[in-house]
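If you want the building blocks of each chain, they are given just below.
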Amino acid sequence: MPELPEVETVVREIRAPLVGRRFARVRAGKLALRKPWQPAWAKILTGSRVTAVTRRGKWIVIEIERNRYLVVHLGMTGQFTVTHADAPIAAHTHFVIGLDNGAELRYRDVRRFGSLTLYAGRAELDASFESAGLGPEPFGLDRKYWRDSLARTARSLKAVLLDQRVVAGVGNIYADESLFRAKLHPALIGKTLTPAASDRLRKAIEGVLTFAIERRGSSIRDYIGGSGERGSFQNEFKVYGQTGKPCPRCKTPISRIRLAGRSTHFCPKCQRVE
DNA sequence: ACAGGATCCTGGGGGC
DNA sequence: TGCCCCCAGGATCCTG
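Residues numbered from 1 in each chain as written. Chains lettered and ligands numbered in written order. Predicted model: local features only at pLDDT ≥ 70, side-chain atom pairs only at ≥ 80, totals over all residues. Heavy atoms only, no water.

## Side note on the domain arrangement of chain A
To keep it simple, the criterion reads: The split into domains, and so the bounds of each, comes from an automatic or database assignment of domains. Residue contacts are counted whenever heavy atoms from the two residues lie within 4.5 Å of one another. By buried area we mean how much accessible surface two parts lose on assembly, using a 1.4 Å probe and totalling the loss over both. Any Lys or Arg side-chain nitrogen located within 4 Å of an Asp or Glu carboxyl oxygen qualifies as a salt bridge.
Domain boundaries assigned for chain A yield domain 1 (4-131) and domain 2 (143-266). Look at where the C-alpha atoms of domain 1 and domain 2 centre, and you get two points 28 Å apart. Taken together, the contact between domain 1 and domain 2 spans 18 residues of the former and 19 residues of the latter. For the domain 1 face of the interface with domain 2, the top three residues by lost area are Pro5, Glu6 and Glu13, together amounting to 33%. At the boundary of domain 1 and domain 2, one finds one salt bridge.

This is the structure:
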């Protein structure tokens, strides 16, 4: 579910209630997430103070004193919230971390595609991102890097946008919305783009993500922010999930195809194959 | 190198 | 009400 705007919203909303607090109690559920949780990690976390909360691509990084990093991925249905301890614990809640002021950090994930992992040190954290080949953040992307990345590949633009090694943070919603904004067909082959079209796409990604963060992300089914409230960018979709509805620019019905293994939405008239 | 499919999971919605 | 099928903000592995 969550792509960069949703993850960024969670990070912004859990940062204030977490930074400076100590983890007082860590309770892990029995069901496994995508990466196995080591029971020993609970002991390490207990009593430790949070020093920072940041984001890298779709990953949440919670920095803890003594050089530990709790890294969280929300998968498709992950929810990461700070709530009052007396709030009822929803089904599919896999982690409850009590804070020293009585609040609770909770991780809920219906499909369990997400993960929580503890890294012992910055080097280990960096190595994990590096071994995955995680690409640069989409904001302030180097123009030449982006042009070259496209010029080098015979893959479709949709496939490139979804590839976290090329650019980190874009997922299915924002790939489709970015391609619409840039007026580029999702099936266009990277190496066929003109430099101008490449630049247009780079700026479209930034524009769409920035706007989506302002709207606190998209809440379609499961997503909620760190404070538990829904986002509203789902009300701004131009093409994602708009199959058959009129294109906001030219009124042509929005098409839906399967591309790079994912549902792909676009305007067959505005987004030319060129 | 790349496309496509399967996999990990659970739940919602539509059709019958 | 039940059943079956398809769908879902992701990542990764395997085959051809």
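## Re the packing of aromatic side chains
Stated precisely, the cut-off is as follows: Aromatic pairing here means that ring centres of Phe, Tyr or Trp (its six-membered ring) are within 6.5 Å. Orientation follows from the plane angle: under 30 degrees is stacked, over 60 is edge-to-face, and everything else is tilted. The helix count covers DSSP runs of H or I at least four residues long, the strand count covers runs of E at least two residues long, and both are numbered beginning at the N terminus. Three labels apply to residues, based on accessible area from a 1.4 Å probe with only protein chains included: buried if under 20% of the type maximum, exposed if over 50%, partly exposed otherwise in between.
Counted by the stated rule, this structure contains eight aromatic pairs. Summarising the aromatic geometry, the rings of phenylalanine 80 and tyrosine 107 are spaced 6.0 Å apart at their centres and angled 70° between planes, so their arrangement reads as edge-to-face. With phenylalanine 80 in strand β5 (residues 78-83) and tyrosine 107 in strand β7 (residues 104-109), this residue pair connects regions lying 27 residues apart in the sequence. Classification of phenylalanine 80 by relative accessible area gives buried; the value is 1%. Relative accessible area serves as the criterion here: at 0%, tyrosine 107 is assigned to the buried category. Taken together, a centroid distance of 5.8 Å and an interplanar angle of 70° make the contact between phenylalanine 233 and phenylalanine 237 edge-to-face.

## Here we look at the sheet that holds strand β6 (residues 93-99)
For clarity, the threshold we go by: Only when DSSP finds a minimum of two bridges between them are two strands counted as paired. Every axis corresponds to a line fitted to the C-alpha atoms, with the helix fit spanning only the stretch in contact, and the corresponding angles, defined between N-to-C directions, vary from 0 to 180 degrees.
In space, the four strands of this open sheet follow the order β1-β6-β7-β5, with antiparallel pairing throughout. Across the chains shown, the open sheet's two edge strands, defined by having one partner strand only, are β1 (23-28) and β5. Across this sheet, the average inter-strand angle for adjacent strands is 15°, counted without regard to direction. With six bridges connecting them, β5 and β7 associate as antiparallel partners. For glycine 78, the partnering residue across the bridge sits in β7 and is aspartate 109. Across the sheet, helix α1 (residues 4-18) is in contact with β5, β6 and β7; its angle to β5 comes to roughly 30°.

## Some thoughts on the side chain of serine 198
As for its position among the elements, serine 198 is in helix α7 (residues 195-214). Residues in contact with serine 198, not counting those within four places in the same chain, are Trp146, Arg147, Leu150 and Leu193.

## Let's talk about the nonpolar core
Where we set the bar: Residues belong to one nonpolar core when they are buried, are Ala, Val, Leu, Ile, Met, Phe, Trp, Tyr or Cys, and are joined through side-chain atoms within 4.5 Å.
Leu18, Phe23, Trp37, Ile60, Ile62, Leu70 and Phe80 are the most contacted members of the largest nonpolar core, which has 31 residues in total. Counting residues per element, this core draws most heavily on α1, which supplies five residues. When sequence neighbours within four positions are dropped, the list of residues in contact with phenylalanine 23 reads Leu45, Thr46, Gly47, Ser48, Val50, Ile62, Ile64, Ile97, Gly98, Leu99 and Leu105. If you look at the next biggest cluster of nonpolar residues, it comprises 28 residues, including Leu161, Val170, Phe233 and Tyr240.

## A few points about the pattern of salt bridges
Tallied over the entire structure, the rule returns 17 salt bridges. Its salt-bridge partner being aspartate 148, residue lysine 144 comes within 2.7 Å of it at the nearest N-O pair. Here lysine 144 and its partner aspartate 148 are both found in helix α4 (residues 143-151), four residues apart, which amounts to about one turn of the helix. Residue aspartate 148 is classed as partly exposed on the basis of its relative accessible area of 32%. Each of Glu8, Arg12, Arg55, Arg56 and Glu137 takes part in one network of salt bridges that share partners.

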